[in-house]
Amino acid sequence: MTRHAALPGFRDFYPEEMARRNQIFSVWREVARRYGFEEYDGPPLESLELFVEKSGPEIVAQLFNFTDKGNREVTLRPEMTPTLVRMLGAKIKELPKPVRWFSTPQLFRYEKQQRGRLREHFQLNMDIVGETSVLADADLLSAALDVLRSLGLGPDDIVARYSDRRLLHQALLALGVTEENLPVAYNVIDKVERDPREVGIKRLTEIGLDAKTAEEALELTSLSLDQIASRLGTGEITDRILAELRLYQSTLTGLGFGEYIRFDMKIVRGLAYYTGIVFEIFDRRGQLRAICGGGRYDRLFHSLAGVDVPALGFGFGDVVLGELLKDRRLAKNYTRSADVCVIAADESARIAAIDVVRQMRSGGHSTIFNYRALEEGKVDVGKQLKYAVTSGAARAVIVSGSDATIRVKDLATGQQDEMTVQQFQQRYPPAR
Ligand code: HAM
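Just so you know, these numbers come straight off a predicted model, no measurement behind them. (Residues numbered from 1 in each chain as written. Predicted model: local features only at pLDDT ≥ 70, side-chain atom pairs only at ≥ 80, totals over all residues. Heavy atoms only, no water.)

Looking only at helices and strands, one finds 16 helices and 17 strands in the protein. Here the protein has a C-alpha radius of gyration of 28 Å; the compact-globule value for 432 residues is 22 Å, and the former is much larger. With the C-alpha coordinates aligned to their principal axes, the bounding extent of the protein is approximately 90 × 55 × 45 Å. Buried residues in the protein amount to 49% of all 432 residues. In the protein, 69% of the contacts between residues at least 6 apart in sequence involve partners at least 24 apart. If the 59 positive side-chain charges of the protein are averaged to one point and the 60 negative ones to another, these points end up 4 Å apart. (Helix = DSSP H or I, 4+ residues; strand = E, 2+ residues; numbered from the N terminus. Rg over C-alpha atoms; globule rule 2.2 N^0.38 Å. Buried < 20%, exposed > 50% of the residue type's maximum accessible area, 1.4 Å probe, protein only. Contact = heavy atoms within 4.5 Å. Lys, Arg positive; Asp, Glu negative; His and termini not counted. Charge placed at Lys NZ, Arg CZ, Asp CG, Glu CD.)

The following block contains the structure:
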């Protein structure tokens, strides 16, 4: 055991893990670009207050918070949304709407370590601000699903389950839950798949529902959209929400993701600030926790920044996604690599070899050489070739006498050719 291991729930990224992290990040960025999102970032340390009121008790219990040396109550950020709202709240009037922003922050939550849950993780956050249209909701979910599709995961691998907090609100009020007790009812439904049924019933009876109504509240979670619609009957609000949900569904189908989505009243989201359509993405086998979650939060700008701006977004974590890619053998295999390893054929070629290193690098090739073998009096071609192979270089470039001609050895096939550095650069453009 090493003397200083990483803290529980924190990862060391050795090159193999770093390559996997980069694979995820490059798809995140590529999708964000394709959907027209601009990148931003904020500070990893924020004032405690920013999270305490609006994120809800679950996340507050998991904060990495402390008092700094200036006596400020601060916390490592557990999520990005309050920071985004703080930053945009100050500038929203100047910006053309809707604002489409993305970020890939590292976040910190003091969670119980388990499969797919650590104490730090990275999240792709994509948020659309200043837009009420449900087409924005559909576009946002399609971006999250596109990340998964771009990584090779299809509708047989993953499913986006969505619901609407307004619909749940209506249905719970109709059962007699008071506005004041809604957060408890949401929390019970959010945990319906994890907690035993009796726990849910008990918590609902504690907020004043009789046993039969508590059962009915839990039953709501297995109803289809049509069943909910007939249960609620027609009414201006309900009709509008249902029409929006149907447009959401058909737009997602139009965008190519119809097979990936399913209405599901069990989706509430743990965070307190959501106000409309909410969704979570899961693996179909149901072995892992949520891969991604988000939704509409139309009142958070008002309560955190004092401006009335509708907004929606999601957080897409790297940990569960990494597990899923490994399970389905879609994670990139890591190999050490360089385009070129420069080798001196003999003592007299050392200076010329260094010059070839310079030329190769300025031409954009990733170029390495064996330091000790090029030291005065230590040139050994066999050793340099072995070094080239173990370093994962694609080609060895052997320099003899002057750099006018080089011998290029393909380390996979063993084939050798003579050429000038310029000819090499034209024939073999840099790999990246
Ligand atoms: P969240 O559901 O708390 O949402 O987190 C989103 C995703 O982050 C989860 O689905 C999961 O993949 C990942 N995640 C969360 N906690 C952990 C953890 N401890 N270890 C590993 N992965 C984790 C939010 O954070 C919202 N702020 C998302 C959002 C953005 N809503 C609107 N805009």
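A word on the domain arrangement of the protein. Parsing the protein into structural domains produces domain 1 (15-327) and domain 2 (338-427). On a C-alpha basis, the centroid separation for the pair domain 1 and domain 2 is 53 Å. (Domains from an automatic or database assignment.)

In total, this model carries 17 aromatic pairs according to the counting rule given. Consider the rings of Tyr162 and Tyr248, whose centres lie 5.0 Å apart with planes at 70°: the pair is edge-to-face. One end of the pair, Tyr162, is in strand β8 (residues 158-164); the other, Tyr248, is in helix α11 (residues 236-254), with 86 residues separating them in the sequence. Among the aromatic residues, ring-to-ring pairing joins Phe13, Phe25, Trp28, Phe122, Phe279, Phe314 and Phe316 into one connected group. (Phe/Tyr/Trp six-rings, centres within 6.5 Å; stacked < 30°, edge-to-face > 60°.)

Surrounding the ligand, one finds 25 residues, the nearest of these being Glu79, Thr81, Glu111, Asp127 and Tyr274. Between a nitrogen atom of the ligand and a main-chain N or O atom of Leu118, the distance comes to 2.8 Å. Interatomic distance of 3.3 Å between a side-chain N/O atom of His121 and a nitrogen atom of the ligand. Taken by itself the ligand offers 670 Å² of open surface, and the protein chains cover 96% of this. If you list the elements that add at least two residues to the shell around the ligand, you get β7 (120-129), β11 (292-296) and β12 (311-317). (Near = heavy atom within 4 Å. Polar contact = N/O pair within 3.5 Å; in protein donor to acceptor, adjacent residues only side chain to side chain. Areas by Shrake-Rupley, 256 points an atom, 1.4 Å probe, with all protein chains shown as cover.)

Right, let's get into unusual backbone geometry. For the bond running from Lys97 to Pro98, omega is -5°, close enough to zero to count as cis. Note on placement: Pro98 falls in the loop between α4 (81-89) and β5 (99-103). With a phi close to 65°, Asn71 is a non-glycine residue in the positive phi region. As for its position among the elements, Asn71 is in the loop between β3 (65-67) and β4 (73-76). Residues other than glycine seldom take positive phi values, yet Arg269 does so here, at roughly 80°. Mapped onto the secondary structure, Arg269 falls in the loop between β9 (261-263) and β10 (277-283). By relative accessible area, which is 12% here, Arg269 ends up buried.

The end-to-end C-alpha distance of α11 is 27 Å, a good match for the 27 Å that 19 residues give at a rise of 1.5 Å each. All of the buried residues in α11 are Thr238, Ile241, Leu242, Leu245, Tyr248, Thr251 and Leu252. Buried residues along α11 sit against α5 (134-150), β8, α6 (165-175), α10 (225-232), β9 and β10. Trailing α11 by a residue or two, Gly256 shows a phi angle of about 100°, which is positive. (Expected span 1.5 Å × (residues − 1).)

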